[in-house]
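Residue-level structural notes
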Amino acid sequence: MALRRGTAVHSVADVLSPYSIIDGFLDDSALAELRLYARERRERFKPAAVRVGTADAYQAAARQSLRVPVRDDELPLFRGAVATAASRLFDDLGISAQPVVAYELEMVAHGNGGFFKRHIDTFTGRGRTNQRTDRLLSTVFYFGLGPRRFAGGELLIHPFLDGSEPAAIDPAPNRLVAFPSFAPHEVRPVTLADDTFENARFAVNCWLHRAGAAQ
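Read on for an overview of the structure.

For the rest of this paragraph, the subject is the overall build of the protein. A tally of regular secondary structure across the protein gives two helices and 17 strands. Here the protein holds 215 residues, and the buried ones make up 51% of them. Split by element, the accessible area of the protein, about 10300 Å² in all, is 51% carbon and sulfur.

Turning our attention to the nonpolar core. Counting 37 residues, the largest nonpolar core has F25, F78 and M107 as the members making the most contacts within it. Looking at this core, the elements that each hand over two or more residues are α1 (28-40), β7 (66-70), α2 (76-93), β8 (102-110), β10 (133-143), β14 (175-180) and β17 (201-211). Take this core: its biggest share by element is eight residues, from α2. Core analysis: the second largest hydrophobic core is formed by 13 residues, Y142, I157, V177 and A183 among them.

Another point: the side chain of E74. Here E74 is to be found in the loop between β7 and α2. Among the polar contacts listed, one links the side chain of E74 to the side chain of Y37, at a separation of 2.7 Å. Setting aside chain neighbours within four positions, we find E74 in contact with Y37, R41, P69 and R79.

This part takes up the side chain of E106. As for its position among the elements, E106 is in strand β8. The buried category is assigned to E106, whose relative accessible area is 4%. Reaching out from E106, the side chain makes a polar contact with the side chain of N205 at a distance of 2.9 Å.

Between α1 and α2, the shortest axis-to-axis distance is 8 Å and the interhelical angle comes to 125 degrees. Looking at the two axes, α1 sits oblique to α2. Where α1 approaches α2, its residues S29, A30, E33 and L34 are matched on the opposing element by P76, L77 and F78. Here the residues of the contact of α1 with α2 are counted per class, giving five nonpolar, one polar and one charged.

Moving on: the pairing of β17. Among the eleven residues in β17, nine count as buried, and that is most of the element. Summarising the sheet, β8 and β17 pair through nine bridges and their orientation is antiparallel. Bridge pairing in β17 links L105 to C206. Bridge count for β10 against β17 is ten bridges, and the pairing is antiparallel. Across the sheet, S138 pairs through a bridge with W207, a residue of β17.

Definitions and limits used
- Residues numbered from 1 in each chain as written.
- Predicted model: local features only at pLDDT ≥ 70, side-chain atom pairs only at ≥ 80, totals over all residues.
- Heavy atoms only, no water.
- Helix = DSSP H or I, 4+ residues; strand = E, 2+ residues; numbered from the N terminus.
- Buried < 20%, exposed > 50% of the residue type's maximum accessible area, 1.4 Å probe, protein only.
- Areas by Shrake-Rupley, 256 points an atom, 1.4 Å probe, with all protein chains shown as cover.
- Core = buried A, V, L, I, M, F, W, Y, C linked by side-chain atoms within 4.5 Å.
- Polar contact = N/O pair within 3.5 Å; in protein donor to acceptor, adjacent residues only side chain to side chain.
- Contact = heavy atoms within 4.5 Å.
- Axes fitted to C-alpha atoms, helices over the stretch in contact; angles between N-to-C directions.
- Parallel < 35°, antiparallel > 145°, perpendicular 65-115°, else oblique.
- Nonpolar A, V, L, I, M, F, W, Y, C, P; charged D, E, K, R; others polar.
- Pairing = 2+ DSSP bridges.

Set out below in structure tokens:
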């Protein structure tokens, strides 16, 4: 079982900043799977893009990180852990449970100066054209290839209503954070003295999809 039993769960499900945290999310075998995946694909990490209209484009002012897409047949232990936790995450966030028709994954690495400006994970307007599924729930899982050597990189989940402070979540190792995909969020800049691949802020982004209007 990749999902570790007895994990600490913290949940804030309200109109301000809905999110859920599970610490100690993965067991050692699933963590080893992620680290091996990152090391074996080191040369495949490329600058991350953002959605502009109906296409993805690199925009340095909006996002600076490296990413590698994860195929549907890869990282089975991690996928299984997220699937096992899905119903609990829906409950934590006060979202009506819906059938998950797809799990979309990417692995990201933020080096020195890496960030992601405020955004949402759902596609809207032209960006949603011909989408057969919609992102419903976003999860971010943090891990490292070695001891933590970066500072910053907090995940900010912004309130839906103006006038309240965002929740600032530390990217602690073996921590899963979940929130609605339509919640505004961002990644604060990362500071890293020894800016090497192994010392980066590593995470797996996993989106749980529901059937879309075009389905």
